[in-house]
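Okay, here's what each chain looks like letter by letter:
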Amino acid sequence: MYQQMIFVNLPVNDLEASKKFFTELGYSINKQFSDETAASVVISDTIVAMLLTKEKYASFTKKEIADATKTSEVLLALSAETREKVDELVDKAIAAGGSPSGETQDYGFMYGRAFDDIDGHTWEVIWMDPSAVEG
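Remember, predicted model here, so these are calculated numbers, not experimental data. Throughout this document, residue positions are counted from 1 along each chain, in the order its sequence is written. Since the coordinates come from a predicted model, pLDDT governs what is reported: local features require at least 70, and pairs of side-chain atoms require 80 or more to be given and counted, while whole-chain, interface and lining totals use all residues. Hydrogens and water are ignored here; the side-chain numbers use all heavy atoms of the structure.

Caption draft 1: Seen up close, the overall build of the protein chain. In terms of regular secondary structure, the protein chain is built from four helices and nine strands. A run of H or I in DSSP counts as a helix once it spans at least four residues, and a run of E counts as a strand once it spans at least two, with each numbered from the N terminus. Seen in sequence order, the protein chain has helices and strands lined up from the N terminus as β-α-β-β-β-α-β-α-β-β-β-β-α. A compact globule built from 135 residues would reach a C-alpha radius of gyration of about 14 Å, and the protein chain, at 16 Å, matches this within 12%. With the C-alpha coordinates aligned to their principal axes, the bounding extent of the protein chain is approximately 45 × 40 × 30 Å. Should any heavy atoms of two residues lie within 4.5 Å, those residues are considered in contact. In the protein chain, the share of contacts with a sequence separation of at least 24, taken over all contacts with a separation of at least 6, comes to 52%. The globule rule used for comparison is 2.2 Å times the number of residues to the exponent 0.38, while the radius of gyration itself is calculated over C-alpha atoms.

Caption draft 2: Region of interest: the packing of aromatic side chains. Between 30 and 60 degrees the pair is tilted, below 30 it is stacked and above 60 it is edge-to-face, where a pair is any two Phe, Tyr or Trp rings, Trp via its six-membered ring, whose centres lie within 6.5 Å. Enumeration over the complete set of coordinates arrives at three aromatic pairs. On the numbers, 5.1 Å between centres and 85 degrees between planes, the contact of F21 with F22 is edge-to-face. Across the pair, F22 and F21 agree in class, each one buried. Relative to F115, the ring of F21 has its centre 6.3 Å away and its plane inclined at 55 degrees; by these criteria the two rings are tilted. A residue pair is termed long-range when its members are at least 10 positions apart, and F21 in helix α1 (residues 15-24) and F115 in strand β8 (residues 110-116) qualify at 94 residues. On the basis of relative accessible area, F21 is assigned to the buried category, the value being 1%. The ring of Y111 carries the charged tip of R83 above its face, separated from the ring centre by 4.3 Å. Throughout, exposure labels follow a simple rule: accessible area from a 1.4 Å probe, protein chains only, divided by the maximum for the residue type, with under 20% read as buried, over 50% as exposed, and the rest as partly exposed. Placement of a positive charge over a ring is assigned whenever Lys NZ or Arg CZ falls within 6 Å of the ring centre and within 35 degrees of the normal to the ring plane.

As structure tokens, this is what we get:
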């Protein structure tokens with residue numbers, strides 16, 4: 001079966017710092033699709049974050065580039081295998097220079113936390129009890 005992929009393009013202030021941030025979270029950089037203006041961060045087999053210098057990002061749009069530290073355009077949400085994996089990833093992000101975002105959400109069957117990366121993009125990490133989805 002075909003697995004549709006998503007490529008999330010994000011403008012960054014300092015490409016090398018952003019690459020370091022995401023590798024500290026445990027993600028890898030696909031060098032085949034990276035250069036001095038872009039880094040391809042492999043989050044999973046079907047999710048890739050393309051970190052682009054602002055100049056490179058601007059070549060794809062005529063719109064003003066949002067300053068993610070001041071305005072929100074998108075909330076990126078990633079699933080996690082367990083509650084502990086939610087905490088592990090968010091704690092790694094904060095240790096790597098990110099910052100906590102919002103409050104911890106704990107509904108028993110669903111648990112989530114969020115962080116802002118070093119460019120201000122908000123990433124939510126969520127675990128949901130599979131039996132709650134089935135029922």
